[in-house]
Amino acid sequence: MNKRLLSKINRPTLPQGIHSKHDENLIATAEFKVIEHKRIFVLNIFTDKNFDAGLYENKRLNEYYPFIRIFFHKNKYITQDIRTDKTKWYTGKMSNVLEYFSFYGYNNTDTLYASDKTLRKAELFFNVNVGEFKSGKELYKAIRIFQNNILHEKLIEKHSKEFEEIDSYMKQLRKLPKNFYKWIMDTALRFSRYIIYDYNKNSRHFKAYCTHCGKDMMIDSRNLKIRNNKNGKCPLCQSSITYKARKKFPQVKIDSVWCSILQKTKDNKFVLRTFKADKIYCGRGEKENYRIIVAELCRTFYYKDKYKCFEN
Ligand SMILES: [Zn+2]
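Below or above, wherever it landed, is the structure these notes cover. Please read these numbers as outputs of a predicted model, since none were measured by experiment. (Residues numbered from 1 in each chain as written. Predicted model: local features only at pLDDT ≥ 70, side-chain atom pairs only at ≥ 80, totals over all residues.)

## Some points on the overall build of the protein chain
Working step 1: Helix and strand content of the protein chain: 6 helices and 15 strands.
Working step 2: Counting all 312 residues of the protein chain, 21% fall into the buried class.
Working step 3: Counted over contacts in the protein chain with a minimum sequence separation of 6, partners at least 24 positions apart contribute 47%. (Helix = DSSP H or I, 4+ residues; strand = E, 2+ residues; numbered from the N terminus. Buried ≥ 20, exposed ≤ 12 C-beta atoms within 10 Å, placed from the backbone. Contact = placed C-beta atoms within 7 Å.)

Right, dumping it as structure tokens:
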């Protein structure tokens, strides 16, 4: 809709003899106009003088004051502020526009009066049966549903555009190298290897096992001085390990590491993929009782002079 042409439509005056029936704050009148071969439905909203206080720069001596008018065409709408001679536009929903005015202390804005003549015109635009709008209440509801539906459609359209964009990037991804998860286990999580031992003050032999190779062993405390958190080597798999006394090992222990891989994309750009790997030991270091969870957190695509990051 062309705002300049819409502005040229004569501003409304409230026909004599219209009065709200139940002290509604707002009064609506309707008209159809043709602009550039388009049939525009115009809804003029007036406010009751009681509602007006202080809102207007140029007060008129009428009983009702022009307030806003909403132009509808197909699935488009726009609201013009007609309180002053200056032109001001709102793209929001009618309820939001009215809410904006209610900041001034008038929040009872949702009572709308419309004459039968206005309601019949509105029924034509909203394509409902004659007589369906019994009062301004139904008209108000129809406007709300109409505007909500349009916003909903716009949102779906926006989302599908976003998905298309994401897809276009993700199509360029190559598979992770076959040994990537092995690398996480062997290298990124290398620090998470323990020999867990059962301390026994009555014996110099402690039962122990290595969380990496999973093998059991006996530690002779005369030959090997160990204590909780001391670093050492597994005699069986030669891994660097940390000694942990079982009693001091938490019920659940999570060792986490962030790791990234820089890959070439199919279109010869670069993508940095960042993962978080958790090794979770359960049951106070119970043998074989652990899980590894690897989650990809974000993908950053690098182009010549820009980058685009997608978070999971
Ligand atoms: Zn080992």
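There is more to say, and it comes next.
## A word on the pairing of strand 9 (residues 216-220)
Working step 1: With 5 bridges connecting them, strand 8 (residues 205-210) and strand 9 associate as antiparallel partners. Bridge pairing links Lys 207 to Met 218 in strand 9.
Working step 2: Connecting strand 8 to the next strand, strand 9, in antiparallel fashion are 5 residues, including Gly 214 with a positive phi near 75°. (Pairing = 2+ DSSP bridges.)

## Considerations on the sheet that holds strand 12 (residues 253-264)
Two modes of strand pairing occur in sheets, parallel and antiparallel, and in both the strands are linked by backbone hydrogen bonds.
Working step 1: An order of 12-13-14-15 is seen for the 4 strands of this open sheet, with the pairing classed as antiparallel. Two strands close off the open sheet at either side, each with one partner strand: strand 12 and strand 15 (307-311). Strand after strand, the sheet turns through a mean of 20° between neighbouring axes, direction not considered.
Working step 2: As paired elements, strand 12 and strand 13 (residues 270-281) share 12 bridges and run antiparallel to each other. Its bridge partner lying in strand 13, Trp 258 is registered against Lys 276.
Working step 3: Running at roughly 130° to strand 12, helix 6 (residues 180-188) makes contact with strand 12, strand 13 and strand 14 (290-302) of the sheet. (Axes fitted to C-alpha atoms, helices over the stretch in contact; angles between N-to-C directions.)

## A short note on the environment of Met 170
Working step 1: Positionally, Met 170 belongs in helix 5 (residues 136-170).
Working step 2: Each C-alpha atom of the pair Met 170 and Phe 301 lies 9.6 Å from the other, and the pair is 131 residues apart in sequence.

## Quick look at unusual backbone geometry
Working step 1: Located in the positive-phi region is Gln 238, a residue other than glycine, with phi close to 65°.
Working step 2: Considering the arrangement of structural elements, one finds Gln 238 in the loop between strand 10 (231-233) and strand 11 (240-245).
Working step 3: Despite not being glycine, Asn 268 has its phi angle at roughly 60°, a positive value.
Working step 4: Looking at the element boundaries, Asn 268 is found in the loop between strand 12 and strand 13.
Working step 5: Judged by C-beta crowding, with 7 C-beta atoms within 10 Å, Asn 268 ranks as exposed.

## Description of the nonpolar core
One broad rule of soluble globular proteins: the nonpolar side chains tend to lie buried together.
Working step 1: Counting 27 residues, the largest nonpolar core has Leu 26, Ala 28, Ile 45, Ile 70, Leu 112 and Leu 139 as its most contacted members.
Working step 2: Counting residues per element, the ones that place at least two in this core are strand 1 (26-35), strand 2 (38-48), strand 3 (64-73), helix 3 (94-101), strand 6 (112-114), helix 4 (116-126) and helix 5.
Working step 3: Grouped together as the second largest cluster of nonpolar side chains are 11 residues, Tyr 194, Ile 195, Tyr 197 and Tyr 209 included. (Core = buried A, V, L, I, M, F, W, Y, C linked by C-beta atoms within 7 Å.)

## Regarding the sheet that holds strand 10
Working step 1: An order of 9-8-7-11-10 is seen for the 5 strands of this open sheet, with the pairing classed as mixed. The open sheet has two edge strands with one neighbour each: strand 9 and strand 10. Looking at each pair of strands side by side, their axes are set apart by 40° on average, direction ignored.
Working step 2: Relative to strand 11, strand 7 (residues 194-198) runs parallel, the two being bridged by 4 bridges. Opposite Tyr 197, over in strand 11, you have Ala 245 as the bridge partner.

## A look at helix 4
Working step 1: Those residues of helix 4 lying buried are Thr 118, Leu 119, Lys 121 and Ala 122. Down the axis, helix 4 shows its buried residues gathered within 160° of arc, on one side only. In this structure, helix 4 carries Asp 116 and Lys 117 as exposed residues pointing more than 90 degrees from its buried face.
Working step 2: Turning to helix 4, the residues buried within the fold contact strand 1, strand 6 and helix 5.
Working step 3: Looking at the residues trailing helix 4, positive phi occurs at Asn 127, about 60°. (Arc of directions from axis to C-beta.)

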